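Now for the letters of each chain:
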Amino acid sequence: MATTQFSVRNDWTTDQVAALFALPFNDLLFQAHSVHREFHPVNEVQVSTLLSIKTGACPEDCAYCPQSIRFNTGLKTEPLMDVTEVLAAAKNAKANGASRFCMGAAWRSPKDKELDTVIEMVKGVRDLGMETCVTLGMLKAQQAQRLADAGLDYYNHNLDTSEEYYKDIITTRSYGDRLDTLQNVRDAGINVCSGGIVGMGEKDEDRVGLLHRLATLPMHPQSVPINQLVRVEGTPLAETSELDALEFVRTIAVARITMPASMVRLSAGRSEMSDEMQALCFFAGANSIFYGDKLLTTENPDENHDLQLFARLGISPMAATPRNVGHSAAA
Ligand code: SAM
Ligand code: DTB
Ligand code: SF4
């Protein structure tokens, strides 16, 4: 059997993560791609489709978000969707080739009655043979357990940025609140999907801080979405200057190296990326995308464009994977 050169470890230091970011670009990409080849099928990308099941009027003040009630973004608010409508959208996503269906709600945290409806959605989507993911805001332990009992595969809850920069971006909850929810989700045995946003005007050390925090959690998130900020008019971050594209690729590469067994998702922001930049991200270790012409409220590349990009790169969509593939540190 081939000897493994890289291992899953949760003891990264901030300096080690910073040193990866500081490598010459080709050295960083070579290392990231080598890790990728050791842990993942090389030419396969997991395909998820997103649906906003409750849109806008969120009481939180996340400075990047078009759905906060505090900013005037012209977004049409929508109450929680009916289960039948959601299942019709999931069937359509499956027919278009998605293996995972992710449902997002603009809540600070769900009420128990709202959770009842989401649980019906989760069960229905599972019955279609798709993997399920929801993102509903903060969860109590008992709520996470109810979602686990319903068979939920993934819960998305992003740390978004470093602990230091977090306070500049959100004031209505703390980094600690975020970590508590992640613990409740982990303890319930649901796969964790947690990542962040880059291009919010953060410093280099904030990107280091975000990835360091994710890579030193008791268990690496099974899925790590790296979003590029979608600058939405009316939000406080609308005029943020564009991040150097190569810095985004570096973030993907460092996520791949520090969390080798996790799926790294090239998440929001693809509409503003060239095909060549996305190709570099796949080389650097991204192996998951959101597919379908809408994210939650903003645009995503159209499906034909993505299919053509996959064909040009010789990439095929990955089949659904089983629930609870733990990524703890190697013994
Ligand atoms: N309300 C829940 C929460 O905040 O956890 C779930 C939905 S929220 C829209 C899910 C994630 O979308 C956020 O954590 C953030 O990382 C991402 N997001 C929101 N607006 C974004 C934007 N303009 N650009 C990039 N990512 C964004
Ligand atoms: C994640 O990390 N990115 C997705 C998903 N998890 C829920 C959301 C992106 C939202 C982009 C802005 C919007 O479309 O509203
Ligand atoms: Fe609300 Fe989530 Fe948007 Fe924050 S990111 S304003 S919690 S929907």
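Throughout what follows, the structure given in this document is the object of discussion. (Residues numbered from 1 in each chain as written. Chains lettered and ligands numbered in written order. Predicted model: local features only at pLDDT ≥ 70, side-chain atom pairs only at ≥ 80, totals over all residues. Heavy atoms only, no water.)

Points about the overall build of the protein
Scanning the protein from terminus to terminus reveals 11 helices and 10 strands. For 331 residues, the compact-globule estimate of 2.2 N^0.38 gives 20 Å, and the C-alpha radius of gyration of the protein, at 18 Å, lies within 12% of that figure. The dimensions of the protein, computed from C-alpha atoms along their principal axes, are 50 × 40 × 40 Å. Considering the protein as a whole, with its 331 residues, one finds that 57% of them fall into the buried category. A separation threshold of at least 6 residues defines the contact pool for the protein, and within that pool the share at least 24 residues apart is 77%. With the model as given, the accessible surface of the protein reaches about 14,000 Å², and the carbon-plus-sulfur share is 51%. Between the mean site of the 30 positive side-chain charges and the mean site of the 42 negative ones, the protein shows a separation of 5 Å. (Helix = DSSP H or I, 4+ residues; strand = E, 2+ residues; numbered from the N terminus. Rg over C-alpha atoms; globule rule 2.2 N^0.38 Å. Buried < 20%, exposed > 50% of the residue type's maximum accessible area, 1.4 Å probe, protein only. Contact = heavy atoms within 4.5 Å. Areas by Shrake-Rupley, 256 points an atom, 1.4 Å probe, with all protein chains shown as cover. Lys, Arg positive; Asp, Glu negative; His and termini not counted. Charge placed at Lys NZ, Arg CZ, Asp CG, Glu CD.)

Examining helix 1 (residues 14–21)
Every buried residue of helix 1 is listed here: Val17, Leu20 and Phe21. On an axial view of helix 1, the arc spanned by its buried residues comes to 105°, and they lie on one face. For helix 1, the secondary structure elements touched by its buried residues are helix 2 (25–39), helix 8 (204–215) and helix 9 (245–258). (Arc of directions from axis to C-beta.)

Overview of helix 8
Taking 1.5 Å per residue as the helical rise, helix 8 with its 12 residues ought to reach 16 Å, and the 17 Å between its terminal C-alpha atoms agrees with that figure. For helix 8, the buried fraction is high: 9 of the 12 residues fall into the buried class. Turning to helix 8, its buried residues number three or more, namely Asp206, Arg207, Val208, Gly209, Leu210, Leu211, His212, Leu214 and Ala215. Those residues of helix 8 that are buried lie in contact with helix 1, helix 6 (163–169), strand 6 (196–198), strand 7 (223–228) and helix 9. (Expected span 1.5 Å × (residues − 1).)

A look at the nonpolar core
Counting residues in each nonpolar core, the largest one holds 91 residues, and the members touching the most others are Ile53, Tyr64, Leu136, Leu147, Leu211 and Phe248. Per-element accounting of this core gives the leading share, 7 residues, to helix 9. If we skip the residues at most four places from it in the chain, leucine 136 touches Ile53, Ala105, Trp107, Arg108, Ser109, Pro110, Leu115, Val118, Leu147 and Tyr155. Counting 7 residues, the second-largest nonpolar core is a separate cluster that includes Cys102, Tyr154, Ala268 and Leu295. (Core = buried A, V, L, I, M, F, W, Y, C linked by side-chain atoms within 4.5 Å.)

Concerning the pairing of strand 1 (residues 44–54)
Put simply, side chains in a regular strand alternate between the two faces of the sheet. Most of strand 1 sits out of view: 10 of its 11 residues are buried. Two strands pair when backbone bridges link them, and strand 1 and strand 9 (residues 288–290) are joined in this way by 3 bridges, in the parallel orientation. For valine 47, the partnering residue across the bridge sits in strand 9 and is isoleucine 289. Two elements, strand 1 and strand 2 (residues 100–105), share 6 bridges in a ladder whose sense is parallel. The partner of leucine 51 across the bridge, within strand 2, is methionine 103. Between the parallel elements strand 1 and strand 2, the chain passes through helix 3 (residues 83–95) in a crossover that is right-handed. (Pairing = 2+ DSSP bridges. Right-handed = clockwise from strand over helix to strand, strands pointing away.)

A short note on the state of the cysteines
Counted by the stated rule, this structure contains 0 disulfides. The thiol sulfur of cysteine 102 is not disulfide-bonded, and the nearest other cysteine sulfur, from cysteine 133, lies at 4.1 Å. Given a relative accessible area of 4%, cysteine 102 falls into the buried group. (Disulfide = S-S within 2.5 Å.)

Things to note about the packing of helix 3 against helix 4 (residues 112–127)
For the pair helix 3 and helix 4, the least separation of the axes is 10 Å and the interaxial angle reads 30°. In this view, helix 3 runs roughly parallel relative to helix 4, as classed from their interaxial angle. Helix-helix and strand crossings are classified by hand; for helix 3 and helix 4 the assignment is right-handed. Across the interface between the two elements, Val83, Val86, Leu87 and Ala90 of helix 3 pack against Thr117, Glu120, Met121, Gly124 and Val125 of helix 4. Residue composition of the contact of helix 3 with helix 4, by class: 6 nonpolar, 2 polar and 1 charged. (Axes fitted to C-alpha atoms, helices over the stretch in contact; angles between N-to-C directions. Parallel < 35°, antiparallel > 145°, perpendicular 65-115°, else oblique. Left-handed = near helix turned anticlockwise from the far one by under 90°. Nonpolar A, V, L, I, M, F, W, Y, C, P; charged D, E, K, R; others polar.)

Description of the site of ligand 1
With respect to spatial proximity, 19 residues lie near ligand 1, and among them Tyr64, Asn158, Asp160, Arg178 and Val230 are the closest. Within the side chain of aspartate 160, one N or O atom sits 2.7 Å away from an oxygen atom of ligand 1. Arginine 178 is positioned such that a nitrogen or oxygen atom in its side chain is 2.9 Å from an oxygen atom of ligand 1. Against a free-state accessible area of 550 Å², the protein chains account for coverage of 90% of ligand 1. Residue composition of the shell around ligand 1, by class: 10 nonpolar, 7 polar and 2 charged. (Near = heavy atom within 4 Å. Polar contact = N/O pair within 3.5 Å; in protein donor to acceptor, adjacent residues only side chain to side chain.)

Read these as layout, nothing more, since geometry by itself doesn't imply function.
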